[in-house]
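Examination of the molecular architecture
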Amino acid sequence: MNGPTEIAGARTHEAGAHSYVLYPDARNPARAAGQASVFHWMPGRLHLGRTTTGYDFRFTRYPRRDMDDQEVCGILRFTLAPDLPTADVDDALRAFLLSCPKDDPYWGWSSYSRDNFVPLTFQYTHTTLSNITARADRTARGLAGITPWYCETQGATSGPMSSGDARTYTTLMGRVPTQWLEEAIIDGTAPLAVNRTLGIEFTAPVRRLTAQGDWHTIRSGLLAEAEASGTGTHLTLDALSRAVGRLRADGELTMDYAVDSTVPVNSRYDGRLLDRTGCADAYFLELARAAVLEGPRATGTALVGSADGPPNPWGPSWQVAADGPPEPTLAHTSEGGYRYLRGLTVDTRFTTEFDEIRREPSKYFFNVYPDDERHDLTRVIRPVHALDNPAVRGVTVSCRYPDETGTFVTHPWSSFPPAASPWYFSTRWVPYEDVEEIPEPMKDWTPNTTYVQRNVVVEFPADVNTELFVLSRSDNASLHIEPPVEGRPFDDIAIDISPAMVNHLDVHPIRLLPGLRAGERAEVRFETVEGTYAATFAWPDRDDDRPRRWIVFPANGASFSRRFRYRTTVHEDGGGTRTGPWLERRGSAALHVRVPNLTGQYT
């Protein structure tokens, strides 16, 4: 089993209320006579999870009394769960197999066995709520003139997980998103879709990939696409795919490939790889990450703000680098097998489910009044954590507000380990005339302003470092999102705190590309370009496909570019070694590590 491949496309099979999307294994054409084919599958639509009393769904509004609901925030909680009965899955997969031609190199089959149908693994998921489905985004903006809105669920980018797993999402929203959700869910007067982008690792059955071009011309093309999208220098994954298509169509980016021996010669499949799969986009992104692209910097103002790029259903945006490429020419060849990560988006409107939910509003919709008196001041502070981040120990928050004597008082709160429940901070509202002297750093204070200091507390390396995970950090265990003394002034009711707001580097998942021979092992050294932090990972053999992860948290106030480099050393079976040159990369994201060939060059 080599893993799923897109070269033969995907097939969708409908069975009752459920839909299944299937991909063939890359080794299916090379299977021996009588050997069963392997297929990888996932649900083709999203399903709201259920409890014993209904749906696992709750929408809570936090309005201000006597203010016409203008001051309001909300929390939405829901679970996505396939809930697929085993017998139904068996029947559906068996029926799917009967619909496939037996003599097809990828989709052909000889017999049915449930063991040969493997649930797909999502390396990450990114979940958003929107007024449109993700696949309609281009049409809505270009032809219909609709401005889509996207509300990102907290902890939305997380993984890995099996396609059959359930996951609960929670999002804390300000006034405008709360009104959007109220119109869509409670009133039923506006459309609502849940978009979930799934990061799937595919195998490209190739023995060679090549890419050529001029980096300065390519960078100009990326900037032109960002300008056309109205996103400054940011590119969503969808916009990046458009840019790659235009660069290739204009001849400014040339790509070619040679399939490996598993792909039948002169078949209808050997010309599909660059134009019908995500391989070209992924290959370009890997190369551009070293030259003209980097991820957006973390910001403490919100989970998604102008500095992060546009809210979108495809996950974190990439940013065209401010500086020029280190080398003018792109001329790269990748020898051997290639695996790549592609984001595929599944969207569902849940029309039937929301109709059922609206019939029982007392079960699913709630109003909570944090202040029963108009002159109380309330903040709802929500800790937002990556579900699988082993580096974060907890968070601390302090709110500063004057008491009735005019003295600024610090109200602390902490969460160890990170809790899912928000902190409701409430204090007596104080008018200007009660404050005789405002401290110098707080001259912009108003009665509706709270000074908030948020900190992310990270673990010590000795507590968390393993063969699969390395945390590199300074002596600062508590990392400041706001200035450490006075904090940041907020007049929002809803305030988030997340590790994503701290400037850091998170390289994950790290996987080794094919290239090791039998008996060989690999050692990969990582360093930040500043030389401050480093990590080393080992792959004991070529069959070790477990993902690695490297997280770097620099010191408070330190200059940190989030650029890093790596090089791979192969320890050969006979005792010799070969080491490839350093390769530089930018920003947090998945990374496929290259293996040097017998001459010490990367393939």
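In short, a report on the structure.

Cut-offs used in this document
- Residues numbered from 1 in each chain as written.
- Predicted model: local features only at pLDDT ≥ 70, side-chain atom pairs only at ≥ 80, totals over all residues.
- Heavy atoms only, no water.
- Buried < 20%, exposed > 50% of the residue type's maximum accessible area, 1.4 Å probe, protein only.
- Helix = DSSP H or I, 4+ residues; strand = E, 2+ residues; numbered from the N terminus.
- Pairing = 2+ DSSP bridges.
- Axes fitted to C-alpha atoms, helices over the stretch in contact; angles between N-to-C directions.
- Parallel < 35°, antiparallel > 145°, perpendicular 65-115°, else oblique.
- Left-handed = near helix turned anticlockwise from the far one by under 90°.
- Contact = heavy atoms within 4.5 Å.
- Nonpolar A, V, L, I, M, F, W, Y, C, P; charged D, E, K, R; others polar.
- 1 Å grid on protein atoms, 1.4 Å probe; cavity = no way out; pocket = protein on both sides within 12 Å on 5 of 7 lines; lining within 4 Å.
- Points joined across faces, edges and corners; volume = space filled by probe spheres on them.
- Core = buried A, V, L, I, M, F, W, Y, C linked by side-chain atoms within 4.5 Å.
- Phe/Tyr/Trp six-rings, centres within 6.5 Å; stacked < 30°, edge-to-face > 60°.
- Lys NZ or Arg CZ within 6 Å of the ring centre and 35° of its normal.
- Polar contact = N/O pair within 3.5 Å; in protein donor to acceptor, adjacent residues only side chain to side chain.
- Salt bridge = Lys/Arg side-chain N within 4 Å of Asp/Glu carboxyl O.

**A short note on the pairing of strand E35 (residues 548–553)**
Of all 6 residues making up E35, 6 are buried, and the element is well covered by its neighbours. The alternating pattern of E35 places Arg548, Trp550 and Val552 on one face and Arg549, Ile551 and Phe553 on the opposite face, and all of these are buried. For strand E28 (residues 469–473) and E35, the ladder comprises 5 bridges, and the chain directions are parallel. Residue pairing across strands places Phe469 opposite Arg549, the latter belonging to E35. Across 4 bridges, strand E32 (residues 505–512) lies against E35 in antiparallel orientation. Bridge pairing links Asp506 to Ile551 in E35.

**Structural notes on the packing of helix H4 (residues 215–229) against helix H5 (residues 237–249)**
At their nearest, the axes of H4 and H5 sit 10 Å apart, and the two run at 130 degrees to each other. Here H5 runs oblique to H4, going by the angle between their axes. The crossing of H4 and H5 is right-handed. For the pair formed by H4 and H5, the contact residues are Thr217, Ile218, Gly221, Leu222, Glu225 and Ser229 on the first element and Ala239, Leu240, Arg242, Ala243, Arg246 and Leu247 on the second. Here the contact of H4 with H5 is composed, by residue class, of 6 nonpolar, 3 polar and 3 charged.

**What about the sheet that holds strand E21 (residues 338–348)?**
Spatially, the 4 strands line up as an open sheet ordered E11-E10-E14-E21, and their pairing is antiparallel. Both edges of this open sheet fall to strand E11 (150–152) and E21, since each of them pairs with a single strand only. Across this sheet, the average inter-strand angle for adjacent strands is 30 degrees, counted without regard to direction. In the sheet, strand E10 (residues 124–130) pairs with E11 via 3 bridges, with the strands oriented antiparallel. Across the sheet, the residue bridging to Thr128 is Glu152, located in E11. Contacting strand E14 (193–204) and E21, helix H7 (residues 279–288) runs over the sheet at an angle of about 120 degrees to E21.

**Concerning helix H3 (residues 175–187)**
At 3.6 residues per turn, the α-helix brings residues three or four places apart onto the same side. Among the residues of H3, those classed as buried are Thr178, Leu181, Ala184 and Ile185. Buried residues belonging to H3 abut strand E6 (57–63), strand E7 (72–80), E10, strand E13 (167–173), helix H8 (351–358) and strand E22 (365–367). Gly188, located one to two residues past H3, shows a positive phi value of around 70 degrees.

**A few points about empty space enclosed by the protein**
Across all of its chains, the model carries 4 cavities of 30 Å³ or more by this definition. Taken as a whole, the largest cavity encloses approximately 110 Å³ of empty space. Surrounding the largest cavity, Pro43, Arg45, Leu46, His47, Leu80, Ala81, Pro82, Phe122, Ser163, Arg196, Leu198 and Val346 form its lining. Looking at the lining of the largest cavity residue by residue, the class counts come to 8 nonpolar, 2 polar and 2 charged. As a volume, the second largest cavity reaches approximately 40 Å³.

**Some words on the packing of H5 against H7**
Axis separation between H5 and H7 bottoms out at 10 Å; the angle between their running directions is 95 degrees. Comparing the axis directions of H5 and H7 gives the class roughly perpendicular. Taken together, the residues of H7 that come into contact with H5 (itself represented by Leu240, Ser241, Val244 and Arg248) are Ala280, Asp281, Phe284 and Leu285.

**Quick notes on the nonpolar core**
Counting residues in each nonpolar core, the largest one holds 71 residues, and the members touching the most others are Phe57, Leu222, Phe284 and Leu293. Ranked by residue count, the leading element in this core is H7, at 8 residues. Dropping the residues within four chain positions of it, Leu222 is found in contact with Leu235, Leu240, Ala243, Leu247, Phe284, Val292, Leu293 and Val320. Core analysis: the next-biggest nonpolar cluster, separate from the first, contains 31 residues, Val430, Tyr451, Val452 and Leu471 among them.

**Side note on the packing of aromatic side chains**
Any pair of aromatic rings gets described here by the distance separating the centres and the angle formed by the planes. Going through the model one piece at a time under the given rule, you end up with 28 aromatic pairs. Where Tyr106 meets Tyr269, the ring centres are 5.0 Å apart and the plane angle is 85 degrees; that geometry is what we call edge-to-face. Here Tyr269 lies in the loop between strand E17 (253–259) and helix H6 (273–276) and Tyr106 lies in the loop between helix H1 (86–98) and strand E8 (117–119), a separation of 163 residues in the sequence. For Tyr106, a relative accessible area of 0% translates into the label buried. The ring of Trp109 is capped by Lys102, whose NZ or CZ atom sits 4.5 Å from the centre of that ring. Cation over ring: Arg548 sits above Trp539, and NZ or CZ is 4.4 Å from the ring centre.

**Regarding the environment of Ser498**
The topology assignment puts Ser498 in the loop between strand E31 (494–497) and E32. Through-space distance from the C-alpha of Ser498 to that of Gly394 is 9.8 Å; in sequence the pair is 104 residues apart. A distance of 3.1 Å separates the side chain of Ser498 from the backbone nitrogen of Ala500, its partner in a polar contact.

**A word on the pattern of salt bridges**
Once their charged atoms are close, side chains differing in charge can pair, the charge on each being opposite to the other. Inspection of the entire model under this criterion finds 33 salt bridges. Asp506 serves as the salt-bridge partner of Arg549, at 2.7 Å between the closest nitrogen and oxygen. Taken as a pair, Arg549 in strand E35 and Asp506 in strand E32 lie far apart in primary sequence, 43 residues in all. The class of Arg549 is buried, set by a relative accessible area of 7%. For the salt bridge of Glu527 with Arg565, the shortest nitrogen-to-oxygen distance reads 3.0 Å. Remark: Arg565 occurs in strand E36 (residues 563–571) and Glu527 occurs in strand E33 (residues 521–528); sequence separation between them is 38 residues. Sharing partners across several salt bridges, the network here consists of Arg138, Glu225, Asp238, Arg242 and Arg246.

**Focus on the pairing of strand E34 (residues 534–539)**
Burial of E34 is one-sided: the residues Ala535, Phe537 and Trp539 facing one way are buried, the residues Ala534, Thr536 and Ala538 facing the other way are not. Pairing of E33 with E34, which is carried by 6 bridges, proceeds in the antiparallel orientation. Its bridge partner lying in E34, Phe526 is registered against Ala535. The antiparallel pairing of E33 with E34 creates a hairpin that spans 5 residues between the two strands, and Gly531 there sits at a positive phi of about 80 degrees.

**Notes on the environment of Thr569**
Examined against the element boundaries, Thr569 turns out to sit in strand E36. When the C-alpha atoms of Thr569 and Pro596 are compared, they prove to be 7.6 Å apart, with 27 residues separating the residues in sequence. Residues contacting Thr569, with those up to four places away along its chain left out, are Arg521, Ala522, Glu523, Thr577, Arg578 and Thr579. Only 3.0 Å separates the side chain of Thr569 from the side chain of Thr579, close enough to count as a polar contact.

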